[in-house]
Amino acid sequence: MLDQGTAPPATEPSAPKASGLSALTRRKPVDVLVAEGGQGEGGSLRRSLSMWQLTMISIGATLGTGIFVVLGDAVPQAGPAVTLAFVIAGLTALFSALSYAELAGSIPVAGSSYSYAYATMGELVAWVCGWCLVLEYGVSVAAVAVGWGEYLNELLNGTIGVTIPGALSSAPGEGGIINLPGLIVVLLAMVFLLGGARESARVNTIMVVVKIAALVLFCAIGFMGFKSGNYSDFMPLGMAGVSAAGASLFFSYIGFDAASTAGEEAKNPQRDLPRAIMLSLIIVTALYVLVAGVAVGARNWKDFEGSEASLAGIMNDVSGHAFWGTLLAAGAVISIASVVLTVLYGQTRVLFAMSRDGLVPKVFGKVDRKTGTPRVNTVIVSVFCGLLASVIPLGKLVDATSIGTLFAFALVNIAVIVLRRTRPDMPRTFRVPLGWLFPVLGFLFCAYNMFSLDAITWIVFGVWMAVGLVFYFLYGMRRSRLATAEK
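A. Looking closely at the overall build of the protein. Helices and strands together make up the secondary structure of the protein, namely 18 helices and two strands. Across the 487 residues in the protein, those meeting the buried criterion constitute 60%. Look at the contacts in the protein between residues 6 or more apart in sequence, and 83% of them connect residues 24 or more apart. Of the roughly 17700 Å² of accessible surface on the protein, 67% is carried by carbon and sulfur atoms.

Here's what the structure looks like:
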């Protein structure tokens, strides 16, 4: 529920000097987090984003590869029950979105769940959360970029009759040399981001309108080929298949929290961030369920195997004309590019906040005075994500992204409970209804989806976290601003 007023948080006492193991639990006061909003090395971020633009950022970061590409991998796992898998993944996202909305309205800063954890559970947990966000945003940019190449080939084939050779459009593990389209789309997004937050938000809004129009067009044409018999065996692989598909499809919801990373560039963050997060999730979930339902009704679930540009193929089959599939491919090329743009934006802002706290090098916190953006940060992250997209297969990236995101979301649900206990009187412009029930359910849903992922994904996640902890203990723990302030 929305509370009236947007008064700043009540003053919180400064953190006492920490030593030994207690240093790992030192917290950054909420009022300090809010007071530092927008401040960076050499300049400040600019407050220029409206609620509409924040909503478009969340939709832009969410609606894309999950429905255009990953659907083709999820249907063979769940069969026609893929619609149920989308609902399960959506519920997981919904409970976490409510928690995000409460915290975004209370602590409107660029670090998203990293900053929320810093204020509630301490520095070590904050670092773990931030490291998970690097996995969520950075790796998902690469995953989305890989999917973009599939539809680019579909578009090129339908318009000029040529495609990019497999050697230049596939990762080495899939028989290619380099995924050149994946690298190109990330670098294009980088160019837009370097122009400024407001300018890139305008470009993203146009892209979001195009992607929604493309999905509505698919539903209109796909419904003409709808066959009820395709739903006769609704759950052929049982609930285990639905659970596995739901865990993978959670990737489709990654990004609704992107608006929370814009907390220091929003005009009225306490009011607009909660609204943008919830509105974007409602729109995205409705589109996912509708598109998945039409897709399975128009094509037998067994025919989705190995089809990464499945929606375009369905439109071609139903209409009998390649024109419609080509048109959808054009919409997909634009819409998936918007995901790259907005998720890349989120990654740079998380690293900006971590740099300001001293946990990662200062270069990520430098702000260009002319554009009001962390330019060096943007270039470094873009090049890294582009190279990752060019050499790693899509499937491996999707599952790795999902587990990192689920872990970060679980921490956000815990943070809501902790902050309510430690700061019950702090002004909140949005409250998760029914007390602790939804945050607890959000945590449990995240845990359920995490344990539905395969062992290889857990091993990758374990290695990732081990690397992050080594970096923290060797660098971040000693250079933390809270640590240096205690000396």
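B. Examining the packing of helix H13 (residues 322-356) against helix H14 (residues 375-391) more closely. Interaxial distance between H13 and H14 falls to 10 Å at its minimum, and their mutual angle equals 125°. For the element pair H13 / H14, the angle class is oblique. The handedness of the crossing between H13 and H14 is right-handed. Of H14, the residues touching H13 (which contributes Leu-344, Gln-347, Thr-348, Arg-349, Leu-351 and Phe-352) are Asn-377, Thr-378, Val-381, Ser-382 and Cys-385. Classifying every residue of the contact of H13 with H14 gives five nonpolar, five polar and one charged.

C. Spotlight on the side chain of Ser-243. Tracing the backbone through its elements, the reader meets Ser-243 in helix H10 (residues 238-249). Only 2.4 Å separates the side chain of Ser-243 from the side chain of Tyr-448, close enough to count as a polar contact.

D. Structural detail: the nonpolar core. Core analysis: the largest hydrophobic core is formed by 145 residues, its most contacted members being Ile-67, Leu-71, Val-82, Phe-86, Phe-218 and Leu-311. Among the elements that take part in this core, helix H6 (residues 123-159) stands out by supplying 20 residues, more than any other. The contacts of Val-82, once residues within four sequence positions are left out, are Leu-71, Ala-74, Val-75, Leu-249, Ala-292 and Val-296.

E. Representation of the state of the cysteines in the model. Per the stated rule, a full pass over the model turns up zero disulfides. With no disulfide of its own, Cys-132 lies 6.4 Å from the sulfur of Cys-129, the closest cysteine sulfur.

F. Spatial organisation of the environment of Gly-60. Note on placement: Gly-60 falls in helix H2 (residues 51-62). Along the backbone, Gly-60 and Val-339 are 279 residues apart, and their C-alpha atoms lie at a distance of 5.2 Å. Sequence-distant contacts of Gly-60, that is, excluding residues within four places in its chain, are made with Asn-204, Val-208, Lys-211, Ser-338, Val-339 and Thr-342.

Parameters at a glance
- Residues numbered from 1 in each chain as written.
- Predicted model: local features only at pLDDT ≥ 70, side-chain atom pairs only at ≥ 80, totals over all residues.
- Heavy atoms only, no water.
- Helix = DSSP H or I, 4+ residues; strand = E, 2+ residues; numbered from the N terminus.
- Buried < 20%, exposed > 50% of the residue type's maximum accessible area, 1.4 Å probe, protein only.
- Contact = heavy atoms within 4.5 Å.
- Areas by Shrake-Rupley, 256 points an atom, 1.4 Å probe, with all protein chains shown as cover.
- Axes fitted to C-alpha atoms, helices over the stretch in contact; angles between N-to-C directions.
- Parallel < 35°, antiparallel > 145°, perpendicular 65-115°, else oblique.
- Left-handed = near helix turned anticlockwise from the far one by under 90°.
- Nonpolar A, V, L, I, M, F, W, Y, C, P; charged D, E, K, R; others polar.
- Polar contact = N/O pair within 3.5 Å; in protein donor to acceptor, adjacent residues only side chain to side chain.
- Core = buried A, V, L, I, M, F, W, Y, C linked by side-chain atoms within 4.5 Å.
- Disulfide = S-S within 2.5 Å.

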